[in-house]
Amino acid sequence: MTTKAGTTAPTPSPAPAPGHRPAPWVRTRLRAMPLAALLTAALALVTVFLAAAFPRLQDRGADAALQDFVRHKGLNPTSLHSTARTGGAETAADLDAVRQKLTAEVGRELTLAPSGLATGARALNPRGMFNPGYARISGDPSLLTLYYLSDLTARATLTDGTWPTPAPPDGPLPIVLSKKAAETLHVELGDVVDNGTLGEGTRRSTVVVGFYRVNEPQDPFWDDLGCPARACLQPDPQHEHWATSGFVDGGSLPALARWGAGGEDFWRLPVDPASLRADRLDRTRSAVSSFLAGPGATALASATGRSDLHTSSNLPDILSRADDRYRASLPLSAIGPAGVAGVGTVVLCLAAALTTDRRTAEIRLLRARGGSRTGVLVRLLGEGAATVLPAAVVGTALALVLLPTPRWGHAVLAALAATLLALLAFPARAALLRPRRRGAGGWRRIVGELVVLAVTAAAVAEVRRRGVGVTDAGSDPLLIAAPLLLAVTGGLLLARIEPVVVGWLAAVARRGRGLIGFLGLARAARDASGRRRPSALPLLALLIAVTTTGFGATVLDTVDHVRTRAARIATGGDVAVSLPQYASLSEAFTKAAAGLPGVRAATGAWVETNARFVGADGDYTDAILVVVEPTAYAEISRTLGVGEFDPAKLAAAPGGPDTRIPALFSRDLAKRLSAGAPEVRTPNGNGLRTTVAGIVTASPAVPDPGRPFVVVAAGPAWERLPESQRTNKWFAVGDPDPERVRAALRDSGLAQPSGLAKLIADDAAAAGKGTHGLPVGYTVHSSRELAVQLADDPLQHAAGRLFRYAATAGAGFALLAVLLTLFRAAPERTAVLARLRTMGLRPRQGLALILAEALPQTLAAAVGGGLAAVAAVGLLGSAFDISTLVGAKVGDVITPTLLPVLLPTAGLALLIGLAVVLETLIAGRRQIAVELRAGEQS
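Remember, it's a predicted structure, so these values are computed and weren't measured experimentally. (Residues numbered from 1 in each chain as written. Predicted model: local features only at pLDDT ≥ 70, side-chain atom pairs only at ≥ 80, totals over all residues. Heavy atoms only, no water.)

Engineer: Even after reading the chapter, I still don't get the overall build of the protein chain, so can you show me in this structure?
Structural biologist: Across its full length, the protein chain carries 27 helices and 23 strands. Evaluated residue by residue, the protein chain yields a buried proportion of 48% over its 938 residues. Considering only contacts within the protein chain whose residues lie at least 6 apart along the sequence, 81% involve residues at least 24 apart. Within the structure as shown, the protein chain displays about 44,500 Å² of accessible surface, and the carbon and sulfur contribution to it stands at 59%. (Helix = DSSP H or I, 4+ residues; strand = E, 2+ residues; numbered from the N terminus. Buried < 20%, exposed > 50% of the residue type's maximum accessible area, 1.4 Å probe, protein only. Contact = heavy atoms within 4.5 Å. Areas by Shrake-Rupley, 256 points an atom, 1.4 Å probe, with all protein chains shown as cover.)

Engineer: What's the story with the pairing of strand β1 (residues 79-85) in this structure? I'm lost.
Structural biologist: In the case of a regular strand, side chains alternate between the two sheet surfaces. In terms of burial, β1 is a largely internal element, six of the seven residues being buried. With three bridges joining them, β1 and strand β12 (residues 310-312) adopt antiparallel strand pairing. Residue H81 lies in a different strand from β12, and its bridge partner there is S312. (Pairing = 2+ DSSP bridges.)

Engineer: I'm lost on the side chain of R56 in this one. Help?
Structural biologist: You can see R56 is positioned in helix α2 (residues 34-72). Notably, R56 is buried but unbridged: the nearest opposite-charge side chain belongs to D59, and the N-O separation is 6.2 Å. Ignoring sequence-local partners within four residues, the contact set of R56 consists of A399, L400, L403, P404, T405, R407, W408 and A411. (Lys, Arg positive; Asp, Glu negative; His and termini not counted. Salt bridge = Lys/Arg side-chain N within 4 Å of Asp/Glu carboxyl O.)

Engineer: Looking at this model, I keep getting lost on a nonpolar patch on the surface. Mind explaining?
Structural biologist: Together, L493, I497, V501, W504, L505 and V508 make up a nonpolar patch on the protein surface, roughly 550 Å² of accessible area in all. Mapped onto the elements, W504 comes out in helix α14 (residues 482-510). (Patch = residues over 30% accessible without salt bridge, like charges linked within 9 Å, V, L, I, M, F, W, Y side chains within 5 Å.)

Engineer: How should the environment of L112 be read in this particular structure?
Structural biologist: Here L112 is to be found in the loop between α3 (92-107) and β2 (118-123). Among the residues examined, L112 registers a relative accessible area of 15% and is labelled buried. Not counting the four nearest positions on each side in its chain, L112 is found in contact with T103, V106, L269, P270, V271 and D272.

Engineer: How should the state of the cysteines be read in this particular structure?
Structural biologist: Think of a disulfide as a covalent bridge from one cysteine sulfur atom to another cysteine sulfur atom. Considering all chains together, one arrives at one disulfide under this definition. Shown here is the disulfide that connects C227 with C232, its sulfur atoms set 2.2 Å apart. Here C227 and C232 share a disulfide; its torsion about the S-S bond, -125 degrees, makes the bridge left-handed. Note on accessibility: C227 and C232 belong to one class, buried. (Disulfide = S-S within 2.5 Å.)

Engineer: Even after reading the chapter, I still don't get the packing of aromatic side chains, so can you show me in this structure?
Structural biologist: Where two aromatic rings form a pair, the distance of their centres and the angle of their planes describe that pair. The full count for this structure, using the stated rule, is eight aromatic pairs. When the ring of W222 is compared with that of F247, the centres are 6.5 Å apart and the planes differ by 70 degrees; the resulting orientation is edge-to-face. Taken together, the residues W222 in the loop between β8 (202-214) and β9 (232-235) and F247 in strand β10 (residues 240-247) connect sequence positions 25 residues apart. Residue W222 is classed as buried on the basis of its relative accessible area of 5%. A relative accessible area of 0% places F247 in the buried class. Here Y633 and F645 contribute two aromatic rings whose centre-to-centre distance is 6.3 Å and whose plane-to-plane angle is 40 degrees, an arrangement assigned as tilted. Of this pair, Y633 sits in helix α18 (residues 630-640) while F645 is found in the loop between α18 and β18 (661-666), placing the two residues twelve residues apart along the sequence. (Phe/Tyr/Trp six-rings, centres within 6.5 Å; stacked < 30°, edge-to-face > 60°.)

Engineer: Hey, could you run me through α2 in this one?
Structural biologist: Since the α-helix advances by 3.6 residues per turn, residues separated by three or four positions end up pointing in the same direction. Over its 39 residues, α2 runs 56 Å from end to end, which matches the ideal 57 Å to within 8%, given 1.5 Å per residue. Positive backbone phi, approximately 100 degrees, marks G74, located one or two places after α2. (Expected span 1.5 Å × (residues − 1).)

Engineer: I tried to follow the environment of E608 on my own but got confused; where do I start?
Structural biologist: Relative to the helices and strands, E608 is located in strand β16 (residues 599-614). Judged by relative accessible area, E608 falls into the buried class, the value being 11%. Along the sequence, E608 and N728 sit 120 residues apart, while their C-alpha atoms lie 9.1 Å from each other. Not counting residues up to four positions away in its chain, the partners in contact with E608 are A623, I624, L625 and P683. In this structure the side chain of E608 is engaged in a polar contact, spanning 2.9 Å, whose partner is the backbone nitrogen of N610. (Polar contact = N/O pair within 3.5 Å; in protein donor to acceptor, adjacent residues only side chain to side chain.)

Engineer: I would appreciate a short explanation of the environment of T145 in the present structure.
Structural biologist: On the secondary structure map, T145 appears in strand β4 (residues 142-149). As for T145 and L124, which are separated by 21 residues in sequence, their C-alpha atoms are 8.4 Å apart. Excluding residues within four positions of it along the chain, T145 makes contact with A123, P126, T244, S245 and G246.

Engineer: Sorry if this is basic, but what is going on with empty space enclosed by the protein here?
Structural biologist: One simple way to see leftover space: roll a probe sized like a water molecule over the atoms. One pass over the structure, following the stated rule, counts four cavities of 30 Å³ or more. By volume, the largest cavity is sized at about 70 Å³. In terms of lining, the largest cavity is formed by Q58, G61, A62, Y326, S329, L330, S333, L795, A798, A799 and L802. Contributing elements (two or more residues each) for the lining of the largest cavity: α2, α9 (315-368) and α24 (794-838). Residues of the lining of the largest cavity, tallied by class, amount to seven nonpolar, four polar and no charged. Of the pockets and cavities examined, the second largest cavity occupies roughly 60 Å³. The wall of the second largest cavity is formed by A62, A65, L66, A278, L281, A322, D323, R325, Y326 and L795. Among the secondary structure elements, those contributing two or more residues to the lining of the second largest cavity are α2 and α9. Among the elements that make up the lining of the second largest cavity, the one with the highest residue count is α9 (four residues). Along the lines of polarity and charge, the residues of the lining of the second largest cavity split into eight nonpolar, no polar and two charged. (1 Å grid on protein atoms, 1.4 Å probe; cavity = no way out; pocket = protein on both sides within 12 Å on 5 of 7 lines; lining within 4 Å. Points joined across faces, edges and corners; volume = space filled by probe spheres on them. Nonpolar A, V, L, I, M, F, W, Y, C, P; charged D, E, K, R; others polar.)

Engineer: Would you mind showing me how to read the pattern of salt bridges here?
Structural biologist: Across all of its chains, the model carries 27 salt bridges by this definition. Note that D265 and R306 form a salt bridge whose closest N and O atoms lie 3.2 Å from each other. You can see D265 sitting in strand β11 (residues 263-270) and its partner R306 sitting in the loop between α8 (295-304) and β12, a full 41 residues away along the chain. For the pair formed by D265 and R306, the shared burial category is buried. Two residues, D317 and R321, come together in a salt bridge whose shortest N-O distance is 3.3 Å. Within this pair, D317 and its partner R321 are both found in helix α9, separated by four residues, close to a single helical turn. Under the relative-accessibility criterion, D317 is labelled partly exposed at 47%.

Engineer: Even after reading the chapter, I still don't get unusual backbone geometry, so can you show me in this structure?
Structural biologist: Trans is the prevailing form of peptide bonds, just as negative phi is the prevailing case for residues other than glycine. Even without glycine at this site, H186 takes up a positive phi of about 70 degrees. Relative to the helices and strands, H186 is located in the loop between α5 (179-185) and β7 (192-198). Owing to a relative accessible area of 47%, H186 belongs among the partly exposed residues under this scheme. Phi is positive for A261, which is not a glycine, with a value near 55 degrees.

Engineer: Is there a simple way to think about the side chain of T47 in this case?
Structural biologist: Relative to the helices and strands, T47 resides in helix α2. In contact with T47, not counting residues within four places along its chain, are L348, A418 and F813.

Engineer: Where do I start with the pairing of β16 in this structure?
Structural biologist: The pairing of β16 with strand β22 (residues 729-734) spans six bridges and is antiparallel. Its bridge partner being in β22, A605 is matched across the sheet by K729. Sheet topology note: the β16/strand β17 (residues 620-628) ladder contains eight bridges and is antiparallel. Counted as the bridge partner of A611 is A623 from β17. The turn linking β16 back onto β17 is made up of five residues, and G618 within it adopts a positive phi angle of 90 degrees.

Engineer: Help me understand the packing of α14 against helix α16 (residues 537-571) in this model?
Structural biologist: A pair of packed helices is captured by two measures, namely the crossing angle of their axes and the spacing between those axes. Where α14 contacts α16, the axes come no closer than 8 Å and their chain directions differ by 140 degrees. As the angle between them shows, α14 and α16 are arranged oblique. For α14 against α16, the interelement crossing comes out right-handed. Seen from α14, the contacting residues are P483, L484, A487, V488, G490, G491, L492, L494, A495 and E498; seen from α16, they are L539, L540, L543, I544, T547 and F551. In the contact of α14 with α16, the residues fall into twelve nonpolar, three polar and one charged. (Axes fitted to C-alpha atoms, helices over the stretch in contact; angles between N-to-C directions. Parallel < 35°, antiparallel > 145°, perpendicular 65-115°, else oblique. Left-handed = near helix turned anticlockwise from the far one by under 90°.)

Laid out in structure tokens, this is it:
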């Protein structure tokens, strides 16, 4: 079509076809950069998985430790025991009905273990067995206690006679006894046992209608039922006697009460340890306390109709101690995950910075073409949501499935925080872009660094002032984060120092003949754009990983050493032998044991636990007397670091019986010594006049004195105390095998007890107290075995696992930070290497150049992290109580040591160096080749 002027009118462009829409932004961007999207999703998955996994690991360890601690206390201390007076016409069915009501009421708050339930009744007073011919000790009759147990036939097997029947109106009460008890007491089947008189001449008697055998004599089910499996020796201070338990039929409860001058019904309700959870400890303790004295106790009495029902338990105290252990270990076990969180945060920020650098031109072009800041950020959030959210869901689900635990709140919250950080890191970094580039740093960076420094100083001061404390919600986050804050502060300081030092080294290298070192160091002193003050994020990641790993390694190393030392002190050496009072060690054993491989120093001693310290004022104090050979004993004391003394100070000058003997006194006797020279007397009436040779707090023979003690030399003591010329203790240091010591002890001809001592030893052997083929009372203690026993604690294992997992995760994130740094500088570095290649740079020199550029930061982080770890241990170590991790109460603190810090630091530096080399060999050559062939296809 034409116009008047002969011009051609513009032809309108065809309208877009119906249904045509612009390509979606998110899909287009993900298709354009699939590898970057995949790597972003992988980083988010790993980060979210670790964020959700560490709280669940901590929860699992806390639950396992609580359940193991309660389980090892035994059945009876962890049960609720309800009792009430036996009624006049009560039956077994009545007791079962009450049990059902109790279990229903208690079961609403606590999970009970059915296998430990016990229902029955007991006679309030035991009665003697006065039949002629029955076994007696020192003329005292054996004692019989009667019980009714609802499920006796399920736990015991009848061997002779019949099970008891209901008691007749008149006549003896039918009972069954243990076959072993009957043999010990000389009771025959069918015997009518004379149980003495009651009140105004009323005689009580029982008839033995059967014998039984307990199926599991060591089962803790029987612990509060007297002596049901055998006859037990009761070493009463006034007189020793035998005691055993008998059982009656459920229809004899009124007769049982009459026989014992009163009866008591009992119901044992054991709490199932497997149901206990650390996060519900306060709720569980409150529920138990309520049943003991509170609304729960009233509800039990009302439900059962027993107004005199009384419930008791040791469980609240046990749970309180378990809670104290858990809270004491919480700060130490939380430091590792806190370090991982710090390194992970830095890596996510570094990944966001890398993505921003790669897409800066694109984002500015969008803004220049009219895109609003909000619109651009929304599109970036959409990209992140498409990659991060599915990966976060998968990571959280993996943590929840692979690490099952009833609690999921903390794990989900941690995963949500990690997800938000992974999702918002890149958009937030992109939002900080300015139309014109501004200089890095400035006053904002200085202010931020000063704020971090102030917070770190406050946290360290608070930790040193009051130690690592706990709150109602758990550990104090500020105090837990103190090592992490020290690492961050060290990283910021190192970021200020490292470019200056590297630049100075580059200036020195410039004077040399080669250019590789100078170019590498000069590039290391700048960031990817060639500016001074490179990003502090890589240094922060490396330094946090090294610091937290070194701190954790120092804690674990200190715990191991302190546990070993505590075991040696508790043992009195590396191996110690204890004997019963009636026995003494032969000279053949002491010579054979001293010659065993691994024994460095050994000595025997005589320890009298019933001595008396008589002061100059005439007042006496119960004390422990230790008679030793001074030289060997001083060497053992020096090796253990307990009660060290100069053996020459115990040497006594020749003299008569009144000559005072030099002695070491415990510190609690120091005030009594100022009044004058004391005297030590033995139970035989002999005495030692002593003089002060030294004051010590402990001694190998008395490592944890509950009473005062006195140590004297053997030579002078033998002249005045004839009873001390024997050995009832033996100590050795070195690395001897305890089994060889036990073998030497068995081969030395052990003294056999007689009289009452033999009865006590036989009774202990029947209770299963004999070990390693040695008679009861002969014990070989080993510090190695004790250390293993102290370390066998799920709470310690959980804390150790958290440290190791955190160290591994931190090292992985640090390695990733280095790789991200290399990737961030890869384009510019590749272009430089390509240009240098055209100027004659050989491939090997290119590798050296990359190493010279990357390793200064790695070495600086390793050295700085090691120093920060040592500083963290030195500043914070004294505030942490490691008794829970050791397994015993100790006063040692965490002190800086070189090897625990050096090993993880060197290992991490080596790992990162290898990663740099591999990245250069694999990716560097290919990138350089691509750069050199640029333009070939045009």
